[in-house]
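Inside the fold
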Amino acid sequence: TPLAYHILYRHVDVPELIAPENVAGDNLARLRISIEGRSIDLLCFDCGKLQTEAMIGNLSEHPSCSSCGSRLLAPLFWSTVYVASTLRKRKNAESLDENEQKALVKARRSADLVISYGKRGVVAQSVYGIGPQTASRVLAKLHERDEDFYKDLMEAKLQFIATRPYWNN
């Protein structure tokens, strides 16, 4: 009930899981504000330039590299310097180990989503627990309204939180 929700909210790890309908709208608004206020690093796969501290809310609908104008940008939320140096190694035709190849493949998948879906590709991947694979599944629905888009992102986030403890590392 709405009365009990506020009491339980303080003691539950993931309050979105128990939220009543009238609170769910607030959660979507908070998610949207949280995403738009985040800063990310964007790595251009054409020229290799790293654009740091770009605010998601300030990105254009179809972000492009400030140096070469390419739209093949990988939003990096993890190991920014590592992925940038790996891309430099690849461009210099140096050999890559297995971990470097995996990191580059993941970054390229992220960049493919940005070139296809623009800012929504960045937004989808910036949600906790959503990587390129889940983001592509959410983005493929081609949402007409932003509300439906953020609702699907919230559901994917909650599914990740609920199932993560059962994964094998």
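I will try to describe carefully the structure that is included in this document. Quantities reported herein were computed from a predicted structural model and do not represent experimental measurements.

1. Describing the nonpolar core
Core analysis: the largest hydrophobic core is formed by 27 residues, its most contacted members being Leu31, Ile35, Ile40, Val123, Phe149, Tyr150 and Leu153. Only helix H2 (21-36), strand E1 (39-44), helix H4 (98-117), helix H5 (119-125), helix H6 (132-139) and helix H7 (146-163) provide two or more residues apiece to this core. By residue number, the principal contributor to this core is H7, which donates six residues. When near neighbours in sequence (up to four residues on either side) are disregarded, Ile40 contacts Gln51, Thr52, Glu53, Ala54, Ile56, Leu59, Pro75, Phe77 and Val122. Ranked by size, the runner-up nonpolar core spans 13 residues in total, among them Leu43, Phe45, Ala107 and Ala111.

2. Remarks on H7
Taking 1.5 Å per residue as the helical rise, H7 with its 18 residues ought to reach 26 Å, and the 26 Å between its terminal C-alpha atoms agrees with that figure. Restricting attention to buried positions, one finds in H7 the residues Phe149, Tyr150, Asp152, Leu153, Met154, Ala156, Lys157, Leu158 and Phe160.

3. Some points on the packing of aromatic side chains
If you walk through the whole model with that rule in mind, you get two aromatic pairs. Between the aromatic rings of Tyr128 and Phe160, the centroid separation amounts to 5.3 Å while the plane-to-plane angle is 85°, which identifies the pairing as edge-to-face. Of this pair, Tyr128 sits in the loop between H5 and H6 while Phe160 sits in helix H7, and the two are 32 residues apart along the sequence. Overall, the relative accessible area of 53% leaves Tyr128 in the exposed class. Here the aromatic rings of Phe149 and Tyr150 are separated by 5.4 Å at their centres, their planes lie at 70°, and the arrangement is edge-to-face.

4. Things to note about the pairing of strand E2 (residues 50-55)
In this sheet, E2 lies alongside E1 in antiparallel orientation, the contact comprising four bridges. Following the sheet pairing, Leu42 is matched in E2 by Gln51. Here E1 folds back onto E2, and the loop between the two strands holds five residues, one of which, Gly48, carries a positive phi near 85°.

5. Digging into the sheet that holds E2
The strand order across the open sheet built from three strands is E2-E1-E3, with neighbouring strands paired in antiparallel fashion. Lying at the two open borders of the sheet, with one neighbouring strand each, are E2 and strand E3 (73-76). Averaged over all neighbouring strand pairs, the angle between strand axes comes to 30°, with direction disregarded. With four bridges joining them, E1 and E3 adopt antiparallel strand pairing. When the bridges of E3 are listed, Asp41 appears paired with Leu76. Contacting E1, E2 and E3, helix H3 (residues 80-91) runs over the sheet at an angle of about 5° to E1.

What counts, and at which threshold
Residues numbered from 1 in each chain as written. Predicted model: local features only at pLDDT ≥ 70, side-chain atom pairs only at ≥ 80, totals over all residues. Heavy atoms only, no water. Core = buried A, V, L, I, M, F, W, Y, C linked by side-chain atoms within 4.5 Å. Buried < 20%, exposed > 50% of the residue type's maximum accessible area, 1.4 Å probe, protein only. Helix = DSSP H or I, 4+ residues; strand = E, 2+ residues; numbered from the N terminus. Contact = heavy atoms within 4.5 Å. Expected span 1.5 Å × (residues − 1). Phe/Tyr/Trp six-rings, centres within 6.5 Å; stacked < 30°, edge-to-face > 60°. Pairing = 2+ DSSP bridges. Axes fitted to C-alpha atoms, helices over the stretch in contact; angles between N-to-C directions.

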